[in-house]
Amino acid sequence: MSLNTTSLRNAHMLVAKRLETIQPSATLALAQKAAQLRSEGRDILSLSVGEPDFDTPLNIKEAAILAIKEGFTKYTNTDGIPELKMAIQSKFSRENNINYDMPEIIVSSGGKQVIYNLFAASLNPGDEVVIPAPYWVSYPDIVLLAEGTPVFVRCNMEDGFKMSGQKLRNAITNKTKWIIINSPSNPTGAVYTKGELEEIAEVMREQAHIYALVDDMYEHIIFDGIKFHTLAEIAPDLKDRIFTVNGVSKAYSMTGWRIGYGAGPQKLVKAMAMIQSQSTSNPCSISQRAAVEALAGDQSFIPEHCKIFQQKRDEVLKMIKQIHGMKCLKPEGAFYLFPSCSTFFGKHTPGNKSIENSEDFVTYLLEFADVVVVPGAAFGLEGHFRISYATSMGVLQAACKRIADACAKLM
Ligand code: PLP
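These numbers were taken from a predicted model, which means no experiment stands behind them.

Q: What is the right way to look at helix α6 (residues 138–145) in this model?
A: Side chains of residues three or four places apart in an α-helix project in the same direction, reflecting 3.6 residues per turn. With six of its eight residues buried, α6 lies for the most part within the structure. Ser138, Tyr139, Pro140, Asp141, Ile142 and Val143 are the residues of α6 that are buried. On its buried side, α6 packs onto α5 (111–122), β3 (128–133), β4 (149–154), β5 (176–182) and β6 (211–215). Positive phi appears at Glu147, one or two residues downstream of α6, with a value of about 65°.

Below, the structure is given as structure tokens:
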């Protein structure tokens, strides 16, 4: 056997088999390509980021500085300091009308770790997780890493990108363990109404073996005076079968601080804390103190941020809708737009490359228009692409103009 073949085989054996099923992040690949073009001197405009463009509010930063000065810099309880768990408990009671006991709450290093712990703690090989598509990119891969089976329910623009009770009913088998509801949604900004959540709750009552992961990460970024609802609030009888995840990343512009939290059945929370105790231990002590201030301190900047996001949504939506053949639903929350691009499939770029799918389309926008957006395929729905409008109005207007010009050149 040659040296090369041996090292290839060793490399193959080094990485676990279960990694063969998961995908590298499409958004990261795009970011790399954009960075490369930037280093070549190109003026790249990015509409791909998944974080607010506001700074973390000063009172939150000061709480962290105080924690450092007071020497609050050591290990804490694995599943979160009591002070933060109490702030989370009051948040759920004040904003969502749900009462959780402290042992029903866990704090982790980001909502992503909460979801990772949840599936690692509860899935057996072959257990199915119903994921409405389009979905947040990480759900299927986290399910696969936990050796579960994602089952996708396609939710088109005509469905408002939302899963009806009937569609959910059709997707359930005796292997279904979890369903996922994410509202406001990444990538579409769709928000489930009270009535739509009641339909989902009705299916859960019919199917006593299923649990719901409810991802409320964008709860506070909601527009047009729409009222936010969450499943455990409108179906208190199902509270023992609902796990709600939330965090400080989006509402408080704290993506880098890595604090997320979740609440649900105590047995499950205990198992999740055990996984955390054998992987990362406690979330950062300083970030936890900052998160207490975020949840319990001044909330007045939240509506101010929403107002600015809403103005940006309106401007980008107007410009995108003016592009011939492009359709876009008006998002009611989060900071994303999910327009269609299928009208350009089958057309050719000025360099005579054929556009066959959303990846070709976004590659064309990057190479020809110097604009970064994310293909719908990464979110499980072809024929669309995601725009993040969490950037300055100037960048948004310039980028939308470039997208319009590039689309007009497709023949
Ligand atoms: N859920 C959704 C829908 C998200 O978009 C994100 C982040 O982009 C997360 C959860 C995780 O957020 P974090 O790990 O920063 O708390």
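Next comes the rest of the account.
Q: Is there a simple way to think about the side chain of Asn186 in this case?
A: Within the fold, Asn186 resides in the loop between β5 and α8 (194–206). With a relative accessible area of 4%, Asn186 lands in the buried category. Within the structure, the side chain of Asn186 is placed 2.8 Å from the side chain of Arg386, a separation counted as a polar contact.

Q: What is the right way to look at the packing of aromatic side chains in this model?
A: What describes a pair of aromatic rings is the distance from one ring centre to the other and the angle between the planes of the rings. For the structure shown, the criterion picks out 18 aromatic pairs. Taking the centre distance of 5.3 Å and the plane angle of 75° together, the rings of Phe54 and Phe309 count as edge-to-face. Taken together, the positions of Phe54 in the loop between β1 (45–46) and α3 (58–69) and Phe309 in helix α12 (residues 301–321) put the pair 255 residues apart, joining distant regions of the chain. Both residues of the pair, Phe54 and Phe309, belong to the buried class. Between Phe338 and Phe379 the ring centres are 6.0 Å apart and the planes differ by 85°, which places this aromatic pair in the edge-to-face class. With Phe338 in the loop between β9 (336–337) and α13 (358–369) and Phe379 in the loop between β11 (374–375) and β12 (385–388), this pair connects stretches of sequence that are 41 residues apart. Of the residues examined, Phe338 reaches a relative accessible area of 2% and is grouped as buried. Given a relative accessible area of 1%, Phe379 falls into the buried group. These aromatic residues form a ring-pair network of at least three members: Phe54, Tyr218, Phe309, Phe335, Tyr336 and Tyr389. Of note, Arg289 hangs over the ring of Phe72, and the distance from its end group to the ring centre comes to 5.0 Å.

Basis of the calculations
- Residues numbered from 1 in each chain as written.
- Predicted model: local features only at pLDDT ≥ 70, side-chain atom pairs only at ≥ 80, totals over all residues.
- Heavy atoms only, no water.
- Buried < 20%, exposed > 50% of the residue type's maximum accessible area, 1.4 Å probe, protein only.
- Helix = DSSP H or I, 4+ residues; strand = E, 2+ residues; numbered from the N terminus.
- Contact = heavy atoms within 4.5 Å.
- Polar contact = N/O pair within 3.5 Å; in protein donor to acceptor, adjacent residues only side chain to side chain.
- Phe/Tyr/Trp six-rings, centres within 6.5 Å; stacked < 30°, edge-to-face > 60°.
- Lys NZ or Arg CZ within 6 Å of the ring centre and 35° of its normal.

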